[in-house]
Structures are given as C-alpha cells and as structure tokens.
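Each chain is listed here by its residues.
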Amino acid sequence: MDGYLLDAGTFLLRWLHVVAAIAWIGESFYFVALDRGLKPPATAAPGLAGESWSVHGGGFYRKQKYLPAPPQLPDELHWSKWKSYTTWLSGFALLCALYFSAPGIYLLDPAVAALTPAQGVGAAIALLLVGWIGYDLLCRAVGFRDGVLGVLVALLVSALALVATQLFAGRAAFLLTGAVLATIMSANVLFVIIPGQKRMVAALARGATPEPLPGLRGRQRSVHNTYFTLPVVFAMLSTHYAPAYAHPYNGAVLLLFMLAAALIRQFFVVWHGGERAWGLLAAVVVVLLATLAWLAPPAKSPDAIAPATAGAVTEPAVTLDVQSILQRHCTACHSAAPKLVPSAPKGIALDRLTDAELHAAAIRQQVVVLRIMPPGNMTGMQPAERDAIARWSRAAAASD
C-alpha cells in the first residue's frame, strides 16, 4: 500500500509539474510573440510604444504596450510569476522524490564517477546553485552587451552540461542540465523580473518617474528565458530517449540537441517579428540529422550474428543461465513484488522467463546495446552475462 501511495503521489506531482510548465511556457511564448509583433500606434498617446490587433475566438483584440508606463495605472495588474514558481517547486520536489531519494538507482553510475550517494546529491544541488550564481554574475558583470553576454552564457551552459555528464548517470545528467536552466529561468523571475516590476509600480504609485534600469534588466532576463525554454523541454523529455543519454559522448550529444532547440526558438522569435528565417530551420534539420546519424548503432553483418540460432533459446543451460541473470540483476525492480521501487517500471515483471521473452528485444536494447541497465550497473553485471542476454534475445526473436 505504501508503494502504491508513493507511486500515486509522484504521478500527481509530475502531472502538476507538466501543467504548470505548460502554463508558464505558454504565457512566456505569448508575451514574446506579442512584444515582437507590436507596430507603431495608429494614434499617438503618452507612453504608448506600440500596439497590435488579432482575431481569436470570434472576437478582435487590441493590445497596447506602454513605456515606461501609462499615464495612470489600472486598478488591477496581471503578474506572471506563480506559474514559474509552481513549475520549479514541483520539479524540485520530483527531483527529491525520485533521484535524490534513491541516488544509487537513478542519479549515479560508478562507471562515470565514484561518488557516494551523499556526495552525488550534494553535487547535484551544488550544480543548481553554481548555474544560477554563475549566470547572474555574468549578467551583472557584462551588462547590456548582449552579444558578448550571449556567448558567455552559452559557454557557461555548455560547461555545466559537460560537468553533469562527467559526474552523473547519463539520464540524470541530462535531467539535471535541464533543471539548471529551469532554475535560472525561475530565479530570473523571482530575483530580477518581479522585483524590478514592483519597483516600477511603486514609483508610479508615488507619482515619481521609474528608473529604467530594472525594466531593462527584466527584459534582458526575459529574453534569456525564452531561449532556455526549448532546451529545457528537450532535457526533460530526453530521459525517454536512451540512445542520446547512453552515448559515450553524451555531453556533446546533449549540446547538439540543445543547440537545435535554441535555433528552433530563434526561428519563431524571428517569425513573430514578421520575418521568415528558413535558413534557421535548415540548420536545425542538419544538426538533428547529423546527431541522429551519429547516435545510430553500427549495422552488423549476417556473419556477426550467425552463431545465434533459434534452438539456443530452448537449451536448458542457456535458459537456466538467463533465468539466473534476470534474478540477480533485474527482478529487484522488474518483479511483481519489487524490492527497490514501489512498482515495476513500465509494468514489466521478469520473474518468469516466459514473461521476459515478451520483452526480449527491449531487454537486449537496454542491457546489451545501450548498457544502461541495471542502472549504474549497481548489481555488477558482467560482460559474459550481457553476452548471454544477447544470445538469448536474438534466439527468442528468431523463434517468434
């Protein structure tokens, strides 16, 4: 029952995280599109910097932007902050509930770095803090030289991604890199954007002219946030794409995918401004195709798999060998009554070999080709055991 409640709780938390993220990113994208699509106002008015018209839902909308503010503040103002905070808090809660609560399973891989569970959790939290502090210091030191700052921020993100892949298991490294970017985004809202807006509103309420610096800083951080969004989305979804995070050079793979994501975002930013930068999409296609070609496993000749025969799966020695391998290395999680997790991942139980044969291809992909199972090789699976799984799985496929 406790396992069921934990599973249900993490599912609801994941649902909350996704819903909040959709709301936050959607609102962020909308305001970027609105800002980029503003035109000079048809009628001049004090403080009116631009306006745009749109049609949606059977009605027409006229949006106006005032700089630094309208002559008179409205009674109600919409603040874009709670979606950001909810997204980060729910994401961090998930990180604690899954990765930090069982670092030996999800966070660490002895083949990557020899960290204890406590050291691994501490390093992960330090990565989040270093990412935000380093980014914030760069922004304050470089100021509004946006070209220079953009290059430096890109180098910082690249360095953090490479450090993550040198310290943590591949899947955790990708997720943590996304978490670093998400932390920067939410911290921008909490520490820079909202405080700056509050100072502007307070000055206007006093009848004073607001200082332009908080607004300029807020806009700069908002621009950075919009370019971080799609790399963050990729990093979160990449946990379902093992060829990327299990690659020997997964740090470079992560950077290539994040580059493609940032270019996609730039395409839409330019689009909102009325331009069509098709060259950006072409660059995205080239980067993605080249990366996927790099990730593709090498083709094997028929001679390389000739020793595997259909009859091998029924040989008692092989059957008993595979059964014992699964019992030693897999059923602690993939079982009707798992010991390390509340319920079997993806509902796959390998207590019986007949059940395992239904998933032979997937087992081979995870255990033999990608070598990401067992997680971090925490049970010490030997190369000979992986070879036995390979022979069994090929024979099982041939017998279908």
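See the structure shown above.
Residues numbered from 1 in each chain as written. Predicted model: local features only at pLDDT ≥ 70, side-chain atom pairs only at ≥ 80, totals over all residues. Heavy atoms only, no water.

Asker: So what exactly am I meant to see when it comes to unusual backbone geometry here?
Answerer: Working note: non-glycine residues mostly have negative phi, and peptide bonds are mostly trans. Here Met 373 and Pro 374 are connected by a cis peptide whose omega angle stands at -5 degrees. By the secondary structure assignment, Pro 374 is in the loop between α13 (360-369) and α14 (383-399). At Lys 346, a position not held by glycine, the phi torsion is positive, near 60 degrees. Taking relative accessible area as the criterion, Lys 346 reaches 81% and is therefore assigned exposed. In this model, Arg 371 sits at a positive phi of 55 degrees, which is unusual for a non-glycine residue. As for its placement among the helices and strands, Arg 371 is situated in the loop between α13 and α14. (Helix = DSSP H or I, 4+ residues; strand = E, 2+ residues; numbered from the N terminus. Buried < 20%, exposed > 50% of the residue type's maximum accessible area, 1.4 Å probe, protein only.)

Asker: Hey, could you run me through the packing of helix α9 (residues 250-272) against helix α10 (residues 278-295) in this one?
Answerer: The angle between the axes and the distance between the axes are what describe a pair of packed helices. Closest axis-to-axis distance for the α9/α10 pair is 9 Å, and the angle between their directions is 160 degrees. By the criterion of interaxial angle, the relationship of α9 to α10 is roughly antiparallel. Crossing of α9 over α10 shows left-handed handedness. Residues Ala 252, Val 253, Leu 256, Phe 257, Leu 259, Ala 260, Leu 263, Ile 264, Gln 266, Phe 267, Val 270 and Trp 271 of α9 form the contact with α10, whose own contacting residues are Trp 278, Leu 280, Leu 281, Ala 283, Val 284, Val 287, Leu 288, Thr 291, Leu 292, Trp 294 and Leu 295. Looking at the contact of α9 with α10 residue by residue, the class counts come to 21 nonpolar, two polar and no charged. (Axes fitted to C-alpha atoms, helices over the stretch in contact; angles between N-to-C directions. Parallel < 35°, antiparallel > 145°, perpendicular 65-115°, else oblique. Left-handed = near helix turned anticlockwise from the far one by under 90°. Contact = heavy atoms within 4.5 Å. Nonpolar A, V, L, I, M, F, W, Y, C, P; charged D, E, K, R; others polar.)

Asker: Mind showing me how you'd approach the packing of aromatic side chains here?
Answerer: Centre-to-centre distance and the angle between the planes together describe a pair of aromatic rings. Going through the model one piece at a time under the given rule, you end up with 17 aromatic pairs. Taken together, a centroid distance of 5.7 Å and an interplanar angle of 50 degrees make the contact between Tyr 99 and Tyr 106 tilted. Given a relative accessible area of 9%, Tyr 99 falls into the buried group. With a centroid separation of 5.9 Å and an interplanar angle of 85 degrees, the aromatic rings of Trp 271 and Trp 278 are classed as edge-to-face. (Phe/Tyr/Trp six-rings, centres within 6.5 Å; stacked < 30°, edge-to-face > 60°.)

Asker: Honestly, helix α4 (residues 117-142) in this entry has me stumped. Any pointers?
Answerer: One turn of an α-helix holds 3.6 residues; hence residues three or four places apart share an orientation. Between the first and last C-alpha of α4 there are 37 Å, a value that for 26 residues agrees with the 38 Å anticipated at 1.5 Å per step. Three or more residues of α4 are buried, namely Gly 120, Val 121, Ala 124, Leu 127, Leu 128, Gly 131, Trp 132, Tyr 135, Asp 136, Cys 139 and Val 142. The inward-facing, buried residues of α4 abut α2 (82-100), α3 (103-106), α5 (146-167), α6 (170-205) and α7 (212-237). Just downstream of α4, Gly 143 is the residue with a positive phi angle, here 75 degrees. (Expected span 1.5 Å × (residues − 1).)

Asker: Would you explain the pattern of salt bridges in this entry?
Answerer: Pairing between side chains of opposite charge can happen when their charged atoms approach one another. For the structure on display, the rule yields eight salt bridges. A salt bridge links Arg 219 to Asp 35; the shortest N-O distance between them is 3.0 Å. Of this pair, Arg 219 sits in helix α7 while Asp 35 sits in helix α1 (residues 2-36), and the two are 184 residues apart along the sequence. Across the pair Arg 352 and Asp 355 runs a salt bridge, and its minimum N-O distance is 3.0 Å. A single salt-bridge network, built from bridges that share partners, covers Asp 35, Lys 65 and Arg 219. (Salt bridge = Lys/Arg side-chain N within 4 Å of Asp/Glu carboxyl O.)

Asker: Please explain the nonpolar core as it appears in this structure.
Answerer: General note: in soluble globular proteins, nonpolar side chains tend to be found buried as a group. Of all hydrophobic cores here, the largest spans 52 residues; its most connected members are Leu 107, Tyr 135, Phe 168 and Phe 228. When contributions to this core are tallied by element, the ones reaching two or more residues are α2, α4, α5, α6, α7, α8 (242-245) and α9. Ranked by residue count, the leading element in this core is α6, at 16 residues. Each residue touching Tyr 135, except ones within four places of it in the same chain, is listed here: Val 130, Val 153, Leu 156, Ile 184, Asn 188, Arg 221, His 224 and Phe 228. (Core = buried A, V, L, I, M, F, W, Y, C linked by side-chain atoms within 4.5 Å.)

Asker: Mind showing me how you'd approach the environment of Glu 211 here?
Answerer: Looking at where Glu 211 falls in the secondary structure, it is placed in the loop between α6 and α7. In this structure Glu 211 comes out as exposed when scored by relative accessible area, which is 59%. With 98 residues separating them along the chain, Glu 211 and Ala 113 place their C-alpha atoms 49 Å apart.

Asker: Sorry, what's going on with the pairing of strand β1 (residues 48-56) here?
Answerer: Residues in a regular strand project their side chains so that they alternate between the two faces of the sheet. Bridging between β1 and strand β2 (residues 59-66) involves eight bridges; their strand directions are antiparallel. If you follow Ser 52 over to β2, its bridge partner there is Lys 63. Between β1 and the antiparallel strand that follows it, β2, lie two residues; Gly 57 among them carries a positive phi value of about 60 degrees. (Pairing = 2+ DSSP bridges.)

Asker: What's the story with the environment of Phe 234 in this structure? I'm lost.
Answerer: Within the fold, Phe 234 resides in helix α7. When the C-alpha positions of Phe 234 and Ala 252 are compared, they lie 14 Å apart, and in sequence the two are 18 residues distant.

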